[in-house]
Amino acid sequence: MNNSAVAIGDKLALRGYFGVVDYVILVGVLLGSLIVGLTTGLRKTTGTREFLTGGRDMNPIAVCLSLLGGVISAISVQGNSTEMYLYGSQLWMNILGCLWGTFVVMFFTLPVLYPLNLVSMCQYLELRFDSPLLKKLGSLVQIVNSIMYLGVCLYAPSLTLSSAIGIPMSMSLLVFGSICGIYITLGGVRAVIYTDVVQTVMMFVGVIAVVTQVLIDLGGFSRVWEIAEKGGRLEFFNLDTNPLVRHTFWSVQVLGMYFVTSVVGISQPQFQRLSSVRSLRISQGLCVAFFIGLTILWSSFYFSGLVAYAAYADCDPIESGKIEKPDQIMAYMVGDKLSHLTGMVGLFVAAVAGALLSSLSSQANAMVVLIWEDFLSSWWIFAKMTQETATRMTKFLSAGMVLLAIGSALLVAQLGTLFQAAYSISGAIIGPFDGLFITAIGAPWVNAKGAISGFSVAVAFNLWLIIGKFYYGAGKGDKLPLSTAGCPMEEVLLRSPYNVSHFEGTLSLGIPTTTALPFNEMLEMKPSNDYLPIYDLSYCYLGTVGIIIVLVVSSIVSFITGPTKPSDVDLRLVNLRCFRIYCKLYGHKADSTELLSIKAQPQDFEGPKTLGDPENQWQGADDNVVRDGKIIASGFVDCTEGAETREKSDDLQR
């Protein structure tokens, strides 16, 4: 570990307080994860598909906790609290936006994607647009972003853990990577899901225990609320409509809605979980349970930031130089306020470790699925493999993905801010990627040429916008005031300037930058007032802007080149309400024979070899024309009435 990392570790004030009980708690969580993963791995799988997806018989409760563990990373544990500490509580209202996003997933994306029984969700793009290029492009986008994400996600908590237990950061990464690699290699997605249960519970218990104890020490909820209000931290209904303001009620609604739609509805790790239960209705119920769990956990994280502010309202450890980075505030508070309580530091470190392992295993397993299904399985050298050999190959890939993630995290330590810039730029393509799915499902008229054009324009725009933000240092927002008035004079050190360089949020990863200049310095950053106002656009809108550009541009190009006619639309691949509207605008009517002949039979459904077993492909497909090879919706009169008739028929079937 270099000198910067050592300094950070020393200032976290955790190492000296990590006792025997703390080690027992941490080792217990690690061993628990390993044992659960190994036990799951002993279960015999029927083939590669079950190893990668778990089949459709997973326990819904376990899947729900795994959803939470996969989405809520160690960055959330540390970063959400920092947001409240520095910027106030307006972001808390994004939970309401998450509710709208949950509805989008439940009633817009899932009813189309779940019944297809896919392994890789990017196979949907090939089916919808008859374009292998779009499938591979979508997979590549997710793989690159996952690698970047894991590097950032693993480095920061590993630094916290290494400083607590007194081992080099590289050793910390190796320990956690080895544990994770063993159970995902042996057990596949089942091991990932069931170990996520242990890790998510530990994460919840650790954060709640820390917040509750500090809350008691400070005098209760009302006292914390009073201090936060006095410090200007309480703001929930800023109704300013200016999109350049960092956080308003409206912008965080957009952010919350986009977050759930993107991370839960259009994300390979979460798609695997939502597809692992036996029916669409259960999968939709998981979305509701996920939202409830997300609300509880995120509220705990957000409130912990207010608790931290109340604890240091008069003697801020950032301004006084006790810590170097804002995202260290929670770790500092644990060591400073709770070290006298046996096991409390261990609980917090175990919570961070659980979040780290959950993120690593979820992303690594998802990358294996994408690489195998969308790239390797179609090659002649792999296509003739037996199921046993193919499963063994995916296990080797699983181990390789963990090693790649560890390497990515070590790269963060060497490249510092440059890597953060690369991660932000890779994130610029996620909004357009999400736009491909939203457009494919909700715009039946869009063809392959339109989809590719829309994606390309959206990526170009987002890259231009994000690079401009870094170049000019725009869109960061103003932090709320901090105070050192209550600090003893001998404790007030030289002010430690900090720069939250990731414009999307407050999390500054504690990355040493001795080997690389900050991104904006390398670009010879221009004066802060010499740029287009659009560069100040709130980060909350970036993902949604990408989706809108894809939808608009792809629609324009499709109508120029010839839109997909209603009679050529496969009803299983689009949202039926959107299809009905399209038919009405197109002026197209059809009798029941024409509508039911729109590629209705499973044998006409040409897709990847891994699409699924035709005999049960449509089991649980509550919103499809065909189930089990039989037409279940009849009586169509025209396009505008057909979807309603089909929905009534489905209700009778249920």
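Reading guide: rules and limits
- Think of each chain on its own: its residues are numbered from 1, step by step along the sequence as written.
- Note on the predicted model: pLDDT of at least 70 is required for a residue's local features to be given, and 80 or more for side-chain atom pairs to be given and counted; whole-chain, interface and lining totals, by contrast, use all residues.
- Hydrogens and water molecules were not included; the side-chain quantities draw on all heavy atoms of the structure.
- The numbering of helices and of strands both runs from the N terminus, where a helix is a DSSP run of H or I of at least 4 residues and a strand a run of E of at least 2.
- Pairs of residues are marked as contacts when any of their non-hydrogen atoms sit within 4.5 Å.
- All accessible-area figures derive from a Shrake-Rupley calculation using a 1.4 Å probe, and residue coverage is judged against the displayed protein chains alone.
- Here, a disulfide means two cysteine sulfur atoms that sit within 2.5 Å of each other.
- Axis angles are defined between N-to-C directions and span 0 to 180 degrees, where every axis is a line fitted to C-alpha atoms and, for a helix, only to the segment in contact.
- When an angle is under 35 degrees it counts as roughly parallel; over 145 it counts as roughly antiparallel; between 65 and 115 it counts as roughly perpendicular; any other value is oblique.
- For any pair of crossing helices, the crossing counts as left-handed if the nearer helix is rotated counterclockwise from the farther one by less than a right angle, and right-handed if it is rotated clockwise.
- Gly falls in the polar group here, along with every residue not listed as nonpolar (Ala, Val, Leu, Ile, Met, Phe, Trp, Tyr, Cys, Pro) or charged (Asp, Glu, Lys, Arg).
- For the purposes of these results, a polar contact is taken to be a pair of N or O atoms within 3.5 Å, where, inside protein, one atom must be able to donate a hydrogen and its partner to accept one; residues adjacent in sequence count only when each atom of the pair is a side-chain atom.
- Centre distance within 6.5 Å is the pairing criterion for rings of Phe, Tyr and Trp, where only the six-membered ring of Trp is used; planes under 30 degrees apart are then read as stacked, over 60 as edge-to-face, and the remainder as tilted.
- With a 1.4 Å probe rolled over the protein chains alone, any residue whose accessible area is under 20% of its type maximum counts as buried; one over 50% counts as exposed, and the rest are partly exposed.
- Only lysine NZ and arginine CZ atoms are considered, and such an atom sits over a ring when it is within 6 Å of the ring centre and within 35 degrees of the ring normal.
- For a helix, the expected span equals 1.5 Å multiplied by the number of residues minus one.
- By definition, a residue's bend is the angle between the axes fitted to the seven residues ending there and the seven starting there.
- Should a side-chain nitrogen of Lys or Arg be within 4 Å of a carboxyl oxygen of Asp or Glu, the pair is scored as a salt bridge.
- In these notes, a set of buried Ala, Val, Leu, Ile, Met, Phe, Trp, Tyr and Cys residues joined through side-chain atoms within 4.5 Å is what counts as a nonpolar core.
- Patches here: salt-bridge-free residues with over 30% relative accessible area, like charges joined within 9 Å, nonpolar side chains (Val, Leu, Ile, Met, Phe, Trp, Tyr) joined within 5 Å.
- pLDDT expresses, on a scale from 0 to 100, how confident the predictor is about each individual residue.

A. View of the overall build of the chain. What the chain contains, in helices and strands, is 25 helices and two strands. Long-range pairs, those at least 24 residues apart, make up 85% of the contacts in the chain between residues at least 6 apart in sequence. By element, 63% of the accessible surface of the chain is carried by carbon and sulfur atoms, the whole surface being about 24800 Å².

B. Just the state of the cysteines, in detail. Applying the stated criterion across every chain, the model contains one disulfide. Of the cysteine sulfurs around Cys 64, a residue in no disulfide, the closest is that of Cys 287, at 9.5 Å.

C. Inspection of the packing of helix 13 (residues 280-311) against helix 14 (residues 329-337) at higher detail. In contact at an axis separation of 10 Å, helix 13 and helix 14 are set at 55° when each is read in the N-to-C sense. In terms of orientation, helix 13 and helix 14 fall into the oblique class. Two packed elements cross with a definite hand, and for helix 13 against helix 14 that hand is left-handed. Across the interface between the two elements, Ser 304, Val 307, Ala 308 and Ala 311 from helix 13 touch Ile 329, Met 330, Met 333 and Lys 337 from helix 14. Looking at the contact of helix 13 with helix 14 residue by residue, the classes come out as six nonpolar, one polar and one charged.

D. Up close: the side chain of Asp 316. Looking at the element boundaries, Asp 316 is found in the loop between helix 13 and helix 14. Among the polar contacts made by the side chain of Asp 316, one reaches the main-chain amide nitrogen of Glu 319 at a distance of 2.6 Å. If sequence neighbours within four positions are ignored, Asp 316 has contacts with Tyr 85, Leu 482, Ser 483, Thr 484 and Cys 487.

E. Structural context of the packing of aromatic side chains. One pass over the full model with this rule turns up 26 aromatic pairs. Judged by centre distance (5.6 Å) and plane angle (65°), the rings of Tyr 582 and Tyr 586 are edge-to-face. Note that Tyr 582 and Tyr 586 are positioned in helix 23 (residues 576-586) at a spacing of four residues, about one turn of the helix. For Tyr 582, a relative accessible area of 4% corresponds to the buried category. Put simply, the rings of Trp 92, Phe 221, Trp 225, Phe 236, Phe 259, Trp 298, Tyr 302 and Phe 303 pair up and form one aromatic cluster. One cation-aromatic arrangement involves Arg 56 over Tyr 114; the distance from NZ or CZ to the ring centre is 3.9 Å.

F. Geometry of helix 9 (residues 169-218). Its 50 residues give helix 9 an end-to-end C-alpha distance of only 33 Å, which falls more than 12% under 74 Å, the value for a rise of 1.5 Å per residue. For helix 9, the principal kink sits at Gly 187 and spans about 130°. Directly after helix 9, the chain includes Gly 219, whose backbone phi takes a positive value near 110°.

G. Broad picture of the packing of helix 9 against helix 15 (residues 344-376). The interhelical angle for the contact between helix 9 and helix 15, taken along N-to-C directions, is 145°, at an axis separation of 6 Å. Note that helix 9 runs across helix 15; the crossing there is left-handed. For the contact of helix 9 with helix 15, the per-class residue count stands at 23 nonpolar, ten polar and one charged.

H. Local environment of the environment of Ser 276. Tracing the backbone shows Ser 276 in the loop between helix 12 (268-274) and helix 13. The spacing of Ser 276 and Pro 60 is 216 residues in sequence and 8.6 Å in space, taken between C-alpha atoms. In contact with Ser 276, not counting residues within four places along its chain, are Thr 53, Gly 55, Arg 56, Asp 57, Met 58, Val 63 and Ile 193. Of note is the side chain of Ser 276, whose polar atom sits 2.7 Å from the backbone oxygen of Arg 273.

I. Quick look at the pattern of salt bridges. Summed over the entire model, instances satisfying the criterion amount to seven salt bridges. The partner of Lys 337 in a salt bridge is Asp 336, and the shortest N-O contact between them spans 4.0 Å. Asp 570 is the partner of Arg 572 in a salt bridge, and the nearest nitrogen-oxygen pair spans 3.0 Å. For the pair shown, Arg 572 and Asp 570 are each scored as buried.

J. Just the side chain of Asn 365, in detail. Looking at the secondary structure, you find Asn 365 in helix 15. A polar atom in the side chain of Asn 365 sits 2.7 Å from the side chain of Gln 272. Every residue in contact with Asn 365, bar those within four places of it in the chain, is listed here: Leu 52, Gly 188, Val 189, Val 192 and Gln 272.

K. Representation of the environment of Pro 115. Along the chain, Pro 115 turns up in the loop between helix 6 (94-113) and helix 7 (123-129). Put simply, Pro 115 and Ser 279 are 164 residues apart on the chain and 8.7 Å apart in space, counted from C-alpha to C-alpha.

L. Structural context of unusual backbone geometry. Even without being glycine, Asn 117 reaches a positive phi, approximately 60°. With respect to the helices, strands and loops of the structure, Asn 117 is situated in the loop between helix 6 and helix 7. The class of Asn 117 is buried, set by a relative accessible area of 10%. In this structure, Asp 130 takes a positive phi of about 55° despite not being glycine. In this fold, Asp 130 is placed in the loop between helix 7 and helix 8 (132-165).

M. Quick peek at the nonpolar core. Counting 174 residues, the largest nonpolar core has Tyr 124, Trp 298 and Met 333 as the members making the most contacts within it. It is helix 15 that contributes the most residues to this core, 20 residues altogether. Val 569, Leu 571, Phe 579 and Cys 583 belong to the second-largest nonpolar core, a separate cluster that totals six residues.

N. Structural context of a nonpolar patch on the surface. Together, Val 201, Phe 204, Val 205, Val 288, Ile 292 and Ile 296 make up a nonpolar patch on the protein surface, roughly 450 Å² of accessible area in all. Among the elements of the structure, helix 9 and helix 13 are those that each provide at least two residues to the nonpolar patch. Secondary-structure assignment places Ile 292 in helix 13. Classification of Ile 292 as partly exposed rests on a relative accessible area of 48%.

O. The confidence of the model for the chain, seen in detail. Per-residue confidence for the chain gives a mean pLDDT of 79; residues scoring 70 or more make up 78%. Helix 6 holds the highest mean pLDDT among the elements of the chain, 97, whereas strand 2 (residues 630-631) holds the lowest, 34. Low pLDDT, under 50, characterises residues 1-13; the predicted model gives this stretch 29 contacts beyond four residues in sequence or across chains. Counting contacts from residues 493-527, a segment whose pLDDT is below 50, to residues more than four positions away or on other chains yields 100 contacts.

P. How the structure looks around the environment of Ser 158. Counting through the fold element by element, Ser 158 comes out in helix 8. Its relative accessible area of 0% is what places Ser 158 among the buried residues. Between the C-alpha atom of Ser 158 and that of Leu 356, which follows or precedes it by 198 residues, the distance is 8.0 Å. Once residues within four sequence positions are removed from consideration, Ser 158 is found in contact with Met 169, Ser 172, Leu 173 and Leu 356.

Q. Here's a closer look at helix 19 (residues 430-442). The end-to-end C-alpha distance of helix 19, which contains 13 residues, comes to 18 Å, matching closely the 18 Å that a straight helix rising 1.5 Å per residue would cover. Of all 13 residues in helix 19, 13 are buried, a share of seventy percent or more.

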